[in-house]
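One-letter residues, chain by chain:
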Amino acid sequence: MKIGSDRFKSWTACLVMAVVLVGCSGNQNTKEELPVVEFQQEPGKLFILIDKKPFATYVYEDSVITRPYFENVMTPCGAQATRNHPVLAGDPKDHSSWHPGIWLSYADLNGIDYWRLKGKVEHELFAEQPKGGPGKGTFTVRNYYMSADGKDRMVAELVKYSIITGPSGYLLTSNSTYSSDSSDFTFGDQEEMGLGIRVNTRITVQYGDGHITNAEGQKDEDGTWGKASEWIDYSGEVDDHYIGMAIMQDPANFRPAWFHSRNYGYIAANPFGREAMKQGEKSVVTVKKGDRFSIGFGVLVYCTPQGEQVDINEAYQNYLNVLKE
């Protein structure tokens, strides 16, 4: 698809963020054997459980972090995939409010830096209430990106999340659409644009014994920063398990994302920051009033017994199959 000046009239693809959790247990083959997805709500938070065990907490109201996020994401074998939130002793304290776990945000949307919490993303309501069951759970939220003074709704975001259990783990998909009925809006060019993850400190390159690897086999920050790839993985050993998180790109995106990958435990998939990621001229993506914009990612969160590894190329193909459904 030709982008030209990045100004365009309409985007109709769906935003799909997926989180796949590959477990340590055997396969489940029938509906009766599928793990049950459940939700527990309290003001500002939605607790997600699978087979009565914590998977993640979706936080949509926070006085400090003024944008939605998933915190304390757990693997099926019980090891934590993301950095502790709030950070604990032994964790580096950098970016404690910007990097809570897994999130989608933008350092320049209509000139406002939501990534660094200079603007608020307001949760309006659950457009579809959380609904659990064997093998699957879903919920849909509507958010608004607010003006700098917090008074006006500038950009609407409708997001449907699905948590799906499968033979090798769990899949969280996010389908998000951005629009405005009042004016055009633009995505600018910054390093911090798109989907971000912050991994468990023990699997970082800098503080643990982990590594960053992309689909081409390039390694760590020096080998992967600023490069596009179908996926990028951050993984390492925790006790007697090997755990990791891998971001995957939806091929329907308007352009491939470049990876802002750091040895201290952070990766962002960024298709907007062409100049910031040293890949060409400054990018400005404009969405016209009344049109829609979308972008999709996947995050594989996995855990295997020590000595075993997940085939991320195969997991990426599974992700692509999910996108076709």
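Just so we're clear, the structure is a prediction, and the values are computed from it rather than from any experiment.

Engineer: What am I meant to see in the overall build of the protein chain here?
Structural biologist: Looking only at helices and strands, the protein chain has two helices and 22 strands in total. When contacts within the protein chain are restricted to residue pairs at least 6 apart in sequence, those whose partners lie at least 24 apart make up 63%.

Engineer: Teacher, can you tell me more about the sheet that holds strand E7 (residues 101–106) here?
Structural biologist: Pairing between the strands of a sheet is mediated by backbone hydrogen bonds and can be parallel or antiparallel. With respect to topology, nine strands assemble into an open sheet ordered E9-E3-E4-E5-E6-E7-E14-E19-E18, the strand pairing being antiparallel. On the outer flanks of this sheet lie strand E9 (133–134) and strand E18 (258–262), each paired with one strand and no other. Note that strand E6 (residues 69–71) and E7 share two bridges and pair antiparallel. Residue pairing for E7: Glu71 is matched across the bridge by Gly101.

Engineer: Hey, could you run me through the side chain of Ser261 in this one?
Structural biologist: On the secondary structure map, Ser261 appears in strand E18. Within the structure, Ser261 has its side chain in polar contact with the backbone nitrogen of Trp225 (distance 3.3 Å). Excluding its chain neighbours within four sequence positions, the residues that come into contact with Ser261 are Ile212, Glu221, Thr224, Trp225, Ile232, Tyr266 and Ile267.

Engineer: Teacher, can you tell me more about the confidence of the model for the protein chain here?
Structural biologist: Put simply, the protein chain has an average pLDDT of 89, and 89% of its residues get 70 or more. Low confidence marks residues 1–16, where pLDDT is under 50. Its contacts with residues over four positions away, or in another chain, come to 56 contacts. Segment residues 18–29 is flagged for pLDDT under 50; beyond a separation of four residues in sequence, or across chains, it makes 57 contacts in the model.

Engineer: Even after reading the chapter, I still don't get unusual backbone geometry, so can you show me in this structure?
Structural biologist: Glycine aside, a negative phi is what most residues show, and trans is what most peptide bonds show. Note that the residue after His85, namely Pro86, is joined by a cis bond; omega there is -5°. Tracing the sequence through the fold places Pro86 in the loop between E6 and E7. Phi is positive for Asp220, close to 55°, though the residue is something other than glycine. Within the secondary structure layout, Asp220 lies in helix H1 (residues 220–224).

Engineer: What is the right way to read the nonpolar core from this model?
Structural biologist: Looking at soluble globular proteins, one finds that nonpolar side chains tend to be buried together. Tyr106, Phe139 and Phe187 are the most contacted members of the largest nonpolar core, which totals 70 residues. For Phe187, the residues in contact, after removing those within four places along its chain, are Tyr106, Asp108, Leu109, Met193, Phe272, Ser283, Val284, Val285, Val287 and Phe293. Core analysis: the second largest hydrophobic core is formed by 12 residues, Trp231, Tyr302, Val310 and Leu320 among them.

Engineer: Which parts of the structure should I look at to understand the environment of Ser294?
Structural biologist: Considering the arrangement of structural elements, one finds Ser294 in the loop between strand E21 (292–293) and strand E22 (297–305). Relative accessible area serves as the criterion here: at 4%, Ser294 is assigned to the buried category. The spatial distance from the C-alpha of Ser294 to the C-alpha of Thr177 is 5.4 Å, given a sequence separation of 117 residues.

Engineer: Whenever I open this one, the state of the cysteines confuses me. Can you help?
Structural biologist: Cysteine pairs can be linked by a disulfide, which is a covalent bond between their two sulfur atoms. All chains considered together, the criterion is met by one disulfide. A sulfur-sulfur separation of 1.6 Å characterises the disulfide bridge that pairs Cys77 with Cys303. Torsion about the S-S bond of the Cys77 and Cys303 cystine: about 110°, corresponding to right-handed handedness. Residue Cys77 is found in the loop between E6 and E7, and its partner Cys303 is found in strand E22; the two are separated by 226 residues along the sequence. Since its relative accessible area comes to 0%, Cys303 is described here as buried.

Engineer: I would appreciate a short explanation of the pattern of salt bridges in the present structure.
Structural biologist: It is possible for side chains of opposite charge to pair when their charged atoms get near one another. Counted by the stated rule, this structure contains 11 salt bridges. The partner of Arg198 in a salt bridge is Asp94, with the nearest N and O atoms 2.8 Å apart. Remark: Asp94 occurs in the loop between E6 and E7 and Arg198 occurs in strand E14 (residues 193–198); sequence separation between them is 104 residues. Of the residues examined, Arg198 reaches a relative accessible area of 1% and is grouped as buried.

Engineer: Sorry, what's going on with the pairing of strand E17 (residues 241–249) here?
Structural biologist: Note on strand geometry: in a regular strand, side chains alternate between the two faces of the sheet. By the criterion of burial, E17 is predominantly enclosed, with nine of the nine residues buried. The pairing of strand E16 (residues 231–238) with E17 spans eight bridges and is classified as antiparallel. Considered in E17, the bridge of Val238 is made with His241. Turn length for the E16-E17 hairpin, with the two strands adjacent in sequence and antiparallel, is two residues, and the turn residue Asp239 shows positive phi of about 55°. Sheet analysis places E17 next to E22, joined by nine bridges and oriented antiparallel. Note that in E22 the partner of Ala246 across the bridge is Leu300.

What counts and what doesn't
Within any chain, residue numbers begin from 1 and follow the written order of that chain's sequence. Local features in this predicted model are restricted to residues whose pLDDT is 70 or higher, and side-chain atom pairs enter the listing and the counts only when it is 80 or higher, whereas totals over whole chains, interfaces and linings include all residues. Excluding hydrogens and water, the side-chain values take into account all heavy atoms of the structure. Secondary structure elements follow DSSP: runs of H or I of four or more residues count as helices, runs of E of two or more count as strands, with numbering from the N terminus. The contact criterion used is simple: two residues touch if any of their non-hydrogen atoms lie within 4.5 Å. Pairs of strands are assigned from DSSP output, requiring at least two bridges between the strands. What qualifies as a polar contact is a pair of N or O atoms within 3.5 Å, subject to a donor-acceptor requirement within protein and to the restriction that residues adjacent in sequence count only when both atoms come from side chains. The predictor attaches a confidence to each residue, called pLDDT, with possible values from 0 through 100. Residues belong to a common nonpolar core when they are buried Ala, Val, Leu, Ile, Met, Phe, Trp, Tyr or Cys residues joined through side-chain atoms within 4.5 Å. The classification of residues rests on relative accessible area computed with a 1.4 Å probe and restricted to protein chains. Under 20% of the type maximum is buried, over 50% is exposed, and intermediate values are partly exposed. Any pair of cysteine sulfurs within 2.5 Å is marked as a disulfide. Whenever a carboxyl oxygen of Asp or Glu lies within 4 Å of a side-chain nitrogen of Lys or Arg, that contact is scored as a salt bridge.

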